[in-house]
Amino acid sequence: MDGAVPDRSDKRNSHMIKQIEIRNLKHFASMSKETYCFTGTLFVDGKKRGVVSNQGYGGCNEFTDTDVQLEINAYAKSLPFVKTSFGEFEQSLDSLITDIVHWQIIRKDLQRNLKNKVMYIENGKLMQTNNARSPAMLSKWIEEVKSEKIDGVRTILNLFSVDDAVELYRVAKRLAA
């Protein structure tokens with residue numbers, strides 16, 4: 001399930017959340033100023049729990065179900081701190097939701113781009129070619145990128161499923177931070 005937070009709950013604590021998903025995500029890039037401008041249907045452990053949205057002006061995410069806000073925030077506080085290039089920080093309701101939205105947007109962009117560009121990770125950086133005019137041209141370019149000699153590591157995302165390509169991209173971003 002794309003964009004879902006993986007199961008990291010403590011098995012001894014059965015009331016803990018196991019999965020958070022946002023379905024029917026609509027992202028409005030042109031309206032995103034400081035945060036993602038979006039709306040989507042929130043599911044917790046497979047049950048619909050309302051709508052989550054953000055107006056894109058830098059404020060917190062908005063929820064139609066206030067109880068779910070408390071549940072997700074408590075769950076977020078039970079998770080390990082997140083390490084970033086700015087330091088470590090405690091996870092929160094907003095950080096979890098924003099992370100789900102972020103990776104769903106990345107997945108959608110990768111899925112679209114993999115159809116007509118060679119997308120690859122080279123030494124931790126995401127690289128891409130121009131648009132190929134045909135599937136035959138794309139295949140030719142993939143073979144050319146595969147055969148090029150480089151210093152370092154190159155992973156061609158076109159050779160993987162979209163889900164695996166997203167995960168490889170996540171790992172590369174984590175290692176680059």
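Scoring rules and cut-offs
Residues numbered from 1 in each chain as written. Predicted model: local features only at pLDDT ≥ 70, side-chain atom pairs only at ≥ 80, totals over all residues. Heavy atoms only, no water. Pairing = 2+ DSSP bridges. Helix = DSSP H or I, 4+ residues; strand = E, 2+ residues; numbered from the N terminus. Axes fitted to C-alpha atoms, helices over the stretch in contact; angles between N-to-C directions. Disulfide = S-S within 2.5 Å. Buried < 20%, exposed > 50% of the residue type's maximum accessible area, 1.4 Å probe, protein only. pLDDT = per-residue confidence, 0-100. Contact = heavy atoms within 4.5 Å. Polar contact = N/O pair within 3.5 Å; in protein donor to acceptor, adjacent residues only side chain to side chain. Salt bridge = Lys/Arg side-chain N within 4 Å of Asp/Glu carboxyl O.

Chemist: What should I look at first to understand the sheet that holds strand β8 (residues 125-128) in this one?
Modeler: Strands in a sheet are paired, the pairing made by backbone hydrogen bonds, and the direction either parallel or antiparallel. Strand order in this open sheet of three strands is β8-β7-β9, and the pairing throughout is antiparallel. Each having just a single partner strand, β8 and β9 (154-156) make up the two edges of the open sheet. Mean inter-strand twist for the sheet, computed between neighbouring axes without regard to direction, equals 25°. Strand direction decides the pairing type here: strand β7 (residues 119-122) and β8, joined by four bridges, are antiparallel. Across the sheet, Glu 122 pairs through a bridge with Lys 125, a residue of β8.

Chemist: When you look at the state of the cysteines in this model, what are you seeing that I'm missing?
Modeler: As used in these notes, a disulfide is a covalent bond between sulfur atoms, one from each of two cysteines. Applying the stated rule across the entire model yields zero disulfides. Note on Cys 37: no disulfide assigned, nearest cysteine sulfur contributed by Cys 60 at a separation of 15 Å. Taking the relative accessible area as the measure of exposure, Cys 60 reaches 54% and is therefore exposed.

Chemist: Before we go on, may I ask you to explain the confidence of the model for the chain in this structure?
Modeler: In regions of low pLDDT, the predicted coordinates are not meant to be interpreted in detail. For the chain, per-residue confidence averages 87 on the pLDDT scale, and 90% of positions sit at 70 or higher. Averaged pLDDT values over the elements of the chain bottom out at 82 in strand β5 (residues 82-84) and peak at 97 in strand β2 (residues 37-44). Across residues 7-14 the pLDDT falls below 50, and counting only partners more than four positions away or on other chains, this stretch makes seven contacts in the model.

Chemist: In this structure, what is going on with the sheet that holds strand β1 (residues 20-27)? I would like to understand it.
Modeler: One open sheet holds the four strands; their spatial order is β1-β2-β3-β4, and the pairing between them is antiparallel. Of all the strands in the sheet, the pair left with one neighbour each is β1 and β4 (62-63). By the bridge criterion, two bridges tie strand β3 (residues 47-55) to β4 in an arrangement that is antiparallel. Pairing of Ser 53 across the sheet is with Glu 62, part of β4. The strands touched by helix α1 (residues 66-77) are β1, β2, β3 and β4; relative to β2, the strand with the most contacts, the crossing angle is about 80°. Relative to β1, helix α2 (residues 93-113) is tilted by about 60°, and along the sheet it contacts β1, β2, β3 and β4.

Chemist: Where do I start with the pairing of β7 in this structure?
Modeler: Within a regular strand, the side chains alternate between the two sheet faces. Of the two faces of β7, the one holding Met 119 and Ile 121 and the one holding Tyr 120 and Glu 122 are both buried throughout. Counting the residues between successive antiparallel strands, the hairpin from β7 to β8 contains two residues, one of them, Asn 123, with a positive phi of roughly 50°. Direction of pairing for β7 relative to β9: antiparallel, over a ladder of three bridges. Within the sheet, the bridge partner assigned to Tyr 120 lies in β9 and is Ile 156.

Chemist: What's the story with the side chain of Glu 122 in this structure? I'm lost.
Modeler: With respect to the helices and strands, the residue Glu 122 is situated in strand β7. For Glu 122, the side chain forms a polar contact with the side chain of Arg 154, separated by 2.4 Å. Setting aside residues no more than four positions away along its own chain, Glu 122 makes contact with Met 127, Ile 150, Val 153 and Arg 154.

Chemist: In this structure, what is going on with the pattern of salt bridges? I would like to understand it.
Modeler: Pairs can form between side chains of opposite charge once their charged atoms are near each other. Under the counting rule described, the total for this entry stands at eleven salt bridges. Glu 90 is the partner of Lys 77 in a salt bridge, and the nearest nitrogen-oxygen pair spans 3.5 Å. Here Lys 77, found in helix α1, pairs with Glu 90, found in the loop between β6 (87-89) and α2; they are 13 residues apart in sequence, far enough to count as distant. Since its relative accessible area comes to 39%, Lys 77 is described here as partly exposed. Between Asp 163 and Arg 107 there is a salt bridge; the shortest N-O distance is 2.8 Å. With Asp 163 in helix α4 (residues 162-176) and Arg 107 in helix α2, this residue pair connects regions lying 56 residues apart in the sequence. Classification of Asp 163 by relative accessible area gives partly exposed; the value is 46%. Of the residues examined, Arg 107 reaches a relative accessible area of 17% and is grouped as buried. Taken together, the salt bridges that share partners define one network made up of Arg 49, Asp 65 and Glu 71.

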